[in-house]
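Notes for the structure review
Single-letter residue listing:
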Amino acid sequence: MARGDRAAYRPAPRYRKRVIGAVVAVLLLVGGWVFLSGDEHSRKVSGSSVSPWPFTVDSGTLRCRSGSLLTFESGGTEYGLDAPAQGAGYAAPMPVWAGAPGGGGLHMDLRPAIDAARALC
């Protein structure tokens, strides 16, 4: 390396590297906190807030994930309420989906829960 080339290259002072590292760490911590903090796109629900109640469990949490994936969580399992959520890997809600009155293998309409979850998006 010629003498003139060395003058053009100056490594950043140590304090600058430390400041940049600290800023990056703070941004990562704040981003993680926002991600894990109270989710504005979720709501605890039960038969008194969604009617008719289409589930066999007493309550759960509706969510709108990634702006359009509608889910219902109960008992530690999150179920996809619609095809996009199920396509993204969420299980179908069959274990918690109530049968329709009168039976015949039909289930309750999920639209009230889907509409309530969509309102969270």
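The sections below set out a description of the structure shown in this document. The shown structure was predicted, so the numbers you read here are calculated from the model rather than taken from an experiment. (Residues numbered from 1 in each chain as written. Predicted model: local features only at pLDDT ≥ 70, side-chain atom pairs only at ≥ 80, totals over all residues. Heavy atoms only, no water.)

1. A look at the packing of aromatic side chains
For any pair of aromatic rings, the description consists of the separation of the ring centres together with the inter-plane angle of the planes. Taken as a whole and assessed by the stated rule, the structure comprises three aromatic pairs. Where tryptophan 53 meets phenylalanine 55, the ring centres are 5.1 Å apart and the plane angle is 75°; that geometry is what we call edge-to-face. There is no split in this pair, since tryptophan 53 and phenylalanine 55 are both buried. These aromatic residues form a ring-pair network of at least three members: Trp53, Phe55 and Phe72. (Phe/Tyr/Trp six-rings, centres within 6.5 Å; stacked < 30°, edge-to-face > 60°. Buried < 20%, exposed > 50% of the residue type's maximum accessible area, 1.4 Å probe, protein only.)

2. Looking at the sheet that holds strand 1 (residues 42-46)
The strand order across the open sheet built from four strands is 1-2-3-4, with neighbouring strands paired in antiparallel fashion. Two strands lie at the open edges of the sheet, namely strand 1 and strand 4 (77-80), each paired on one side alone. When the angles between neighbouring strand axes are averaged without regard to direction, this sheet yields 30°. The pairing of strand 1 with strand 2 (residues 59-65) spans five bridges and is classified as antiparallel. Counted as the bridge partner of serine 42 is arginine 63 from strand 2. Helix 4 (residues 111-118) rests against strand 1, strand 2 and strand 3 (69-74) of the sheet, and its axis sits at about 50° to strand 2. (Pairing = 2+ DSSP bridges. Helix = DSSP H or I, 4+ residues; strand = E, 2+ residues; numbered from the N terminus. Axes fitted to C-alpha atoms, helices over the stretch in contact; angles between N-to-C directions. Contact = heavy atoms within 4.5 Å.)

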